[in-house]
Amino acid sequence: MLDKPQLESLPLAADSQARVGVSDQYAPQIVRPSRLSWPWVVTIAYLSIMLLIPMAAMITKSMTVEPAEFWRIATEPVALSAYDVTFVTSFLAAAVNGVMGTLVAWVLVRYEFPGRKIIDAVVDLPFALPTAVAGLVLATVYSQQGWIGQLFAPFGIQMAFSRMGVFIAMVFISFPFVVRTLQPVLQEQEQEIEEAAWSLGASPLQTFVRVILPPLVPPILTGVALGFSRAVGEYGSVILIASNVPFNDLIAPVLVFQRLEQYNFEGATVVGTVLLIASLVLLLLINALQRWGRRYAN
Amino acid sequence: MSIIVESVSKNFGEFQALDRVSLKVKDGGLVALLGPSGSGKSTLLRAISGLETVDSGKILINGQDTTNLDVRQRNIGFVFQHYALFKHLTVRQNVAFGLDIRKRPRGEVQQRVGDLLELVQLTGLGDRYPSQLSGGQRQRVALARALAVQPQVLLLDEPFGALDAKVRKELRAWLRRLHDEVHVTSVFVTHDQEEAMEVADEVVIMNHGRIEQVGTPEEIYDNPATAFVMSFIGPVNVLPGHLGLFKTLTTQETRNSNVFLRPQDIEILEQPHPEAIPAVVARIIHLGWEVQAELALPDEHNLTAHVSREQFKSLDLRVNQNVFIKSKFAKAFPEVEVFR
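Residues numbered from 1 in each chain as written. Chains lettered and ligands numbered in written order. Predicted model: local features only at pLDDT ≥ 70, side-chain atom pairs only at ≥ 80, totals over all residues. Heavy atoms only, no water.

- As annotated in an unreviewed UniProt entry, chain B carries the name ABC-type quaternary amine transporter and is attributed to Petrachloros mirabilis ULC683.
- Among the UniProt annotations of chain B, the heading Subcellular location (unreviewed entry) holds the following wording: "Cell inner membrane". (UniProt positions renumbered as here; feature names shortened; annotations may be inferred.)

1. Considering the nonpolar core
Thinking step 1. Residues Val166, Met170, Val238, Ile241, Ile251, Leu255 and Val271 of chain A are the most contacted members of the largest nonpolar core, which totals 51 residues.
Thinking step 2. Top contributing element to this core by residue count: helix H9 (residues 163-188) of chain A, with eleven residues.
Thinking step 3. Those residues in contact with Met170 of chain A that sit more than four places away from it in its chain are Thr86, Thr89, Ser90, Ala93, Asn97, Ala231, Val238 and Ile251 of chain A.
Thinking step 4. Counting 49 residues, the second largest nonpolar core, distinct from the first, contains Ala32, Leu116, Ile220 and Ile233 of chain B. (Core = buried A, V, L, I, M, F, W, Y, C linked by side-chain atoms within 4.5 Å. Buried < 20%, exposed > 50% of the residue type's maximum accessible area, 1.4 Å probe, protein only. Helix = DSSP H or I, 4+ residues; strand = E, 2+ residues; numbered from the N terminus. Contact = heavy atoms within 4.5 Å.)

2. Details of the pattern of salt bridges
Thinking step 1. Inspection of the entire model under this criterion finds 27 salt bridges over all chains.
Thinking step 2. Between Glu194 of chain A and Arg110 of chain A there is a salt bridge whose closest N-O contact spans 2.7 Å. Placement of Glu194 of chain A in helix H10 (residues 192-199) and of Arg110 of chain A in helix H4 (residues 77-110) is noted, with a sequence separation of 84 residues between them.
Thinking step 3. Taking the shortest distance from any N to any O, the salt bridge between Asp192 of chain B and Arg168 of chain B comes out at 4.0 Å. With Asp192 of chain B in the loop between strand S8 (185-190) and helix H6 (193-199) and Arg168 of chain B in helix H5 (residues 165-182), the pair connects residues that are 24 residues apart, well separated along the chain. (Salt bridge = Lys/Arg side-chain N within 4 Å of Asp/Glu carboxyl O.)

3. Here we look at the sheet that holds strand S1 (residues 3-12) of chain B
Residues and elements named next belong to chain B.
Thinking step 1. Taken in spatial order, the four strands of this open sheet run S2-S1-S4-S5, and their pairing is antiparallel. Edge positions in the sheet fall to strand S2 (15-25) and strand S5 (64-65), since each of these pairs with one other strand and no more.
Thinking step 2. Pairing between S1 and S2: seven bridges, direction antiparallel. Within S2, the residue paired with Ile4 across the bridge is Lys24. (Pairing = 2+ DSSP bridges.)

4. Let's talk about the pairing of strand S9 (residues 202-207) of chain B
Residue and element names in this part refer to chain B.
Thinking step 1. With respect to burial, S9 is a largely interior element, five of its six residues being buried.
Thinking step 2. Across four bridges, the pairing between strand S3 (residues 30-34) and S9 is parallel. Within S9, the position partnered with Leu34 by the bridge is Ile205.
Thinking step 3. Count of turn residues in the S9/strand S10 (residues 210-215) antiparallel hairpin: two residues, of which His208 carries a positive phi of about 50°.

5. With respect to the interface of chain B and chain A
Thinking step 1. On the chain A side, the residues contacting the 50 residues of chain B number 37 residues.
Thinking step 2. Note on chain B versus chain A: buried area summed over both sides is about 4,000 Å², and carbon and sulfur give 60% of it.
Thinking step 3. Its largest share of buried area at the contact with chain A, chain B owes to Arg72, His88 and Ile101 of chain B, together 16% of the area lost on that side.
Thinking step 4. For the interface between chain B and chain A, the tally reads two salt bridges.
Thinking step 5. Close ionic contact of Glu195 of chain A with Arg46 of chain B constitutes a salt bridge, the shortest N to O distance being 2.6 Å.
Thinking step 6. Applying the counting criterion to the chain B and chain A interface returns four residue pairs in polar contact (both at pLDDT 80 or more).
Thinking step 7. Sort the elements by how many residues they give to the side of chain B that touches chain A and H5 of chain B lands first, with nine residues. (Buried area = accessible area lost by both parts, 1.4 Å probe. Polar contact = N/O pair within 3.5 Å; in protein donor to acceptor, adjacent residues only side chain to side chain.)

6. So, unusual backbone geometry
Thinking step 1. Residue Tyr263 of chain A is not a glycine yet carries a positive backbone phi of 55°.
Thinking step 2. Mapped onto the elements, Tyr263 of chain A comes out in the loop between helix H14 (252-261) and helix H15 (265-293).
Thinking step 3. Phi at His208 of chain B is positive, roughly 50°, even though this residue is not glycine.
Thinking step 4. Relative to the helices and strands, His208 of chain B resides in the loop between S9 and S10.

7. Some words on helix H4 (residues 135-148) of chain B
Residues and elements named next belong to chain B.
Thinking step 1. Compared with the 20 Å implied by 1.5 Å per residue over 14 residues, the 20 Å span of H4 between its first and last C-alpha is a close match.
Thinking step 2. Within H4, twelve of the 14 residues are buried, which leaves it mostly tucked inside the rest of the structure.
Thinking step 3. For H4, the full list of buried residues reads Gly136, Gln137, Gln139, Arg140, Val141, Ala142, Leu143, Ala144, Arg145, Ala146, Leu147 and Ala148.
Thinking step 4. Positioned one or two residues after H4, Gln150 has a phi angle of 45°, which is positive. (Expected span 1.5 Å × (residues − 1).)

8. Regarding the packing of aromatic side chains
Thinking step 1. Evaluated as defined, the whole model comprises ten aromatic pairs over all chains.
Thinking step 2. Residues Trp106 of chain A and Phe208 of chain A carry aromatic rings whose centres are separated by 6.1 Å and whose planes lie at 75° to one another, so their mutual orientation is edge-to-face. With Trp106 of chain A in helix H4 and Phe208 of chain A in helix H11 (residues 204-212), this residue pair connects regions lying 102 residues apart in the sequence.
Thinking step 3. A ring pair is formed by Tyr235 of chain A and Phe257 of chain A, whose centres lie 5.9 Å apart and whose planes are at 70°; its orientation type is edge-to-face. With a gap of 22 residues between them, Tyr235 of chain A in the loop between helix H12 (217-233) and helix H13 (236-241) and Phe257 of chain A in helix H14 connect regions that are remote in the sequence.
Thinking step 4. Here Tyr235 of chain A falls in the partly exposed class, since its relative accessible area comes to 28%.
Thinking step 5. Look at Phe257 of chain A and you get partly exposed, because its relative accessible area is 35%.
Thinking step 6. The ring of Phe86 of chain B carries Arg145 of chain B above its face, with NZ or CZ at 4.6 Å from the centroid.
Thinking step 7. The ring of Tyr221 of chain B carries the charged tip of Arg262 of chain B above its face, separated from the ring centre by 3.8 Å. (Phe/Tyr/Trp six-rings, centres within 6.5 Å; stacked < 30°, edge-to-face > 60°. Lys NZ or Arg CZ within 6 Å of the ring centre and 35° of its normal.)

Here it is in structure tokens:
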């Protein structure tokens with residue numbers, strides 16, 4: 001069957017014309033601010049006060065340091081160790097949440113069970129909880145005498161007041177991101193595409209890898225990147241669950257604070273600038289990921 | 001490849017979706033499963049495809065018992081109402097999906113995808129994503145994707161249901177011609193009687209998980225087997241048979257049953273006639289291509305009649321006018337159940 005298709009001139013005119021310009025139909029109208037309309041002025045003023053001026057001030061402050069001196073302070077062993085703890089631990093925490101957040105989002109969307117709505121709400125707890133409270137709770141639970149900490153203590157594993165503690169705090173505070181970026185995409189995914197894949201001969205594994213997973217990768221990566229940048233910036237919970245000892249579990253934001261306490265403004269500014277640049281790079285990355293994720297949606 | 005369904009039943013909890021359904025679809029046939037929602041037509045289609053298991057009975061495709069085979073092993077093509085295209089893949093990749101799964105050589109896949117895109121008239125759109133296509137185009141991609149694996153049978157679940165009226169009409173005429181070209185045994189589900197009549201060789205009318213009638217569109221229209229069939233395939237007047245108004249039916253037939261007659265089978269006369277009964281025009285509605293007249297019978301029953309515009313003009317019908325009506329075709333059924 002179906003060797004030489006010869007259906008040439010079947011009329012499908014209305015259908016082929018139907019598509020022109022449809023995707024633009026519901027796009028918001030673009031306003032070019034030729035006059036200084038007030039929403040535009042307020043936006044610029046707000047962004048300036050909130051973001052641009054403080055950032056510029058910090059960069060200006062760090063510029064007063066000689067480039068060679070800047071480099072020396074930025075690459076001091078204690079600073080390098082702090083970057084290492086901050087970025088590597090944040091990355092590990094974000095990666096763990098990439099996997100666990102995907103699983104949780106999957107269960108919340110695909111499974112029907114009592115208490116689902118409550119669990120769905122609880123996912124946001126790390127967003128709502130003051131980070132100091134989170135740190136306090138985690139430090140209590142994971143300390144040598146804590147509920148979870150005591151399970152590991154006999155094996156000589158110290159959970160709180162170590163790099164492990166930093167990791168735990170970072171996992172906690174960056175947990176909601178992947179769940180929340182993935183959930184809407186999962187909800188929108190039609191289950192019929194799975195049946196379509198099966199009908200075309202795909203196994204359950206092939207269906208997952210080739211049909212279900214690819215559209216989920218961009219939101220998962222976006223969630224991981226958001227979680228990572230949140231973990232890099234985390235301060236309140238880490239300071240309570242870590243011992244904050246240099247070369248052990250000291251994170252860069254705490255290093256900035258410690259330097260300020262010692263009136264070492266220069267040292268604080270330099271490390272702060274390094275963190276600022278890292279955050280900007282991360283943001284660009286997240287933006288690029290989101291654009292990539294939308295490439296086949298209109 | 002033929003499809004044989006033997007006494008298949010399926011329950012969803014308390015709900016009986018299929019009740020000992022038996023059906024034969026001959027090789028190369030194009031069959032419509034027609035019925036209201038909840039009639040079991042989609043369940044039957046999904047049971048044939050293997051997307052749904054059955055509680056009892058047998059399904060044979062091309063003589064092979066496939067009852068316990070997984071959907072993957074049945075080699076069927078399935079087209080969904082909402083297209084179910086893979087949004088992250090281009091049109092070409094969508095069509096190639098089944099062939100890639102089967103690990104066919106690259107050259108063969110490209111050749112076949114090219115042929116199929118030509119068949120569904122989407123040559124040149126192969127690198128678009130589904131979101132960049134119209135509904136009709138998406139459904140044609142879904143059709144090409146299903147045909148790519150050279151299925152034994154093609155199953156379509158409300159394939160035009162999500163399209164607007166104009167595209168739907170166009171696409172179903174096109175599907176009919178495509179089938180004449182490709183000859184793959186096809187079964188499609190629809191709740192639209194006009195669509196079933198227009199596209200299919202054979203129409204299967206379902207209700208409450210059972211088959212009411214199987215026949216060509218002509219057979220179904222000319223000789224409806226049940227009250228349900230007659231009332232489902234078009235508007236119909238239902239009158240108590242004891243009125244004995246319709247001389248075309250024998251008295252025996254009409255005594256304890258309902259008489260069904262279609263609006264277009266009612267003839268309106270100005271003069272008395274031995275087979276006609278008197279009526280009064282109660283209301284006139286202009287439908288455009290024809291005129292609908294509401295007629296009041298002496299016993300307070302009402303009838304709807306459709307007359308052509310020419311007839312309407314030559315009769316010069318007016319409200320409250322006394323006329324005589326005669327039925328050209330009517331059927332009597334003892335059953336009470338009617339589709340509304």
